[in-house]
Amino acid sequence: MGEPVNQAAALLELQEIDLEIARAERALDELPEKKAILETRAKQREVQTLSSKADLLVSKIEAEIRKAQDETAVVQGTAEDEQAKLMTGQINDHKQVQHISREIDSLRRRKDKLEMDTLKLMERLEKAEGQRDTVRNALEQLAERETVLVERFREHGGELQQAIADNTARRKSVAASLDPDLLKRYESLRGMKAGIGVGRLEGDSCTACRMQLPAESVASLVAGPDVGVCSHCHRLIVVRLEDEQ
Ligand SMILES: [Zn+2]
């Protein structure tokens, strides 16, 4: 802690650094990428649910098609067996022949019905696959978007974090050059008054509260030390810098 060169200048520098840190912290918190990443992730979860449903529907229809095709094969086989019985000519009983013929007709109708069902299922499958692909594309696009946003967030956030680290280091050395009592007053005012602990007297106004001070207040400040107190906002007020004298 060296002997201070210029308390007023150090105080103003400290205020400037503190404002820069506060700005960087706010900017970090309000990075548009941060909000966009959160929104993208929420959307991803939503679309993922749709995607699972679409996948499920596709496999359900595929299973129904397999079932219909298996059944078609069985019906076809049975019809062929029955047909074969007739062809061998071993069955001479008229009623039995009639019975088998009716059975074959019924099996053919059943097969036609199954084939019709399969066609309808195929149409439903095509539709479901289309929906599934649309949802998958949307998911891919969201994933790409998230990657880009995270990269940008790292870039911008990294710059801000570096600025905060640099300013925090600078702050330490400036604060060390200030009179401890003055530093304590500044810190306490900054905490109470929205991050601003010190202003400057510019003409007859305080730069912190932007108020015009009464002539007698200005006169008393000018007659006093480099650092006084604003009669309006009660913050510290730099009346003059050494090199201005
Ligand atoms: Zn003021």
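Criteria and cut-off values
Residues numbered from 1 in each chain as written. Predicted model: local features only at pLDDT ≥ 70, side-chain atom pairs only at ≥ 80, totals over all residues. Heavy atoms only, no water. Helix = DSSP H or I, 4+ residues; strand = E, 2+ residues; numbered from the N terminus. Expected span 1.5 Å × (residues − 1). Buried < 20%, exposed > 50% of the residue type's maximum accessible area, 1.4 Å probe, protein only. Donors = N, O, S within 2.8 Å, 3.2 Å for Na, K, Ca; no water. Tetrahedral: all angles 85-135°; square planar, octahedral: opposite > 155°, others 65-115°. Core = buried A, V, L, I, M, F, W, Y, C linked by side-chain atoms within 4.5 Å. Contact = heavy atoms within 4.5 Å.

Draft legend 1. Highlighting helix α2 (residues 32–88). The end-to-end C-alpha distance of α2, which contains 57 residues, comes to 83 Å, matching closely the 84 Å that a straight helix rising 1.5 Å per residue would cover. Directly after α2, the chain includes Gly89, whose backbone phi takes a positive value near 75 degrees.

Draft legend 2. Expanded view of unusual backbone geometry. Its identity as a non-glycine residue notwithstanding, Ala194 has a phi of 50 degrees, on the positive side. The exposed category is assigned to Ala194, whose relative accessible area is 75%. A positive phi is found at His234, a non-glycine position, where the angle reads about 65 degrees. Considering the arrangement of structural elements, one finds His234 in the loop between β3 (227–229) and β4 (236–238).

Draft legend 3. Highlighting the coordination of the zinc ion. Protein-derived ligands of the zinc ion are Cys206 (SG), Cys209 (SG), Cys230 (SG) and Cys233 (SG), with the metal-ligand distances lying across 2.3 Å. Note that the zinc ion binds 4 donor atoms; their angles at the metal cover 102 to 118 degrees, and the shape is tetrahedral. Mapping the donors of the zinc ion onto the primary sequence gives the spacing C-x2-C-x20-C-x2-C. Across this residue pair, the class does not change: Cys206 and Cys209 are buried.

Draft legend 4. Highlighting the nonpolar core. Counting 24 residues, the largest nonpolar core has Leu11, Leu14, Leu178, Val198, Val227, Leu236 and Val238 as its most contacted members. The set of elements that each furnish at least two residues to this core consists of α1 (7–29), α3 (94–176), α4 (180–192) and β4. In terms of residues, this core owes the most to one element, α1, which gives 9 residues. Dropping the residues within four chain positions of it, Leu236 is found in contact with Leu11, Leu182, Arg185, Tyr186, Leu189, Gly197, Val198, Gly199, Val227 and Gly228. Counting residues in hydrophobic clusters, the runner-up holds 10 residues, among them Leu221, Cys230, Cys233 and Val239.

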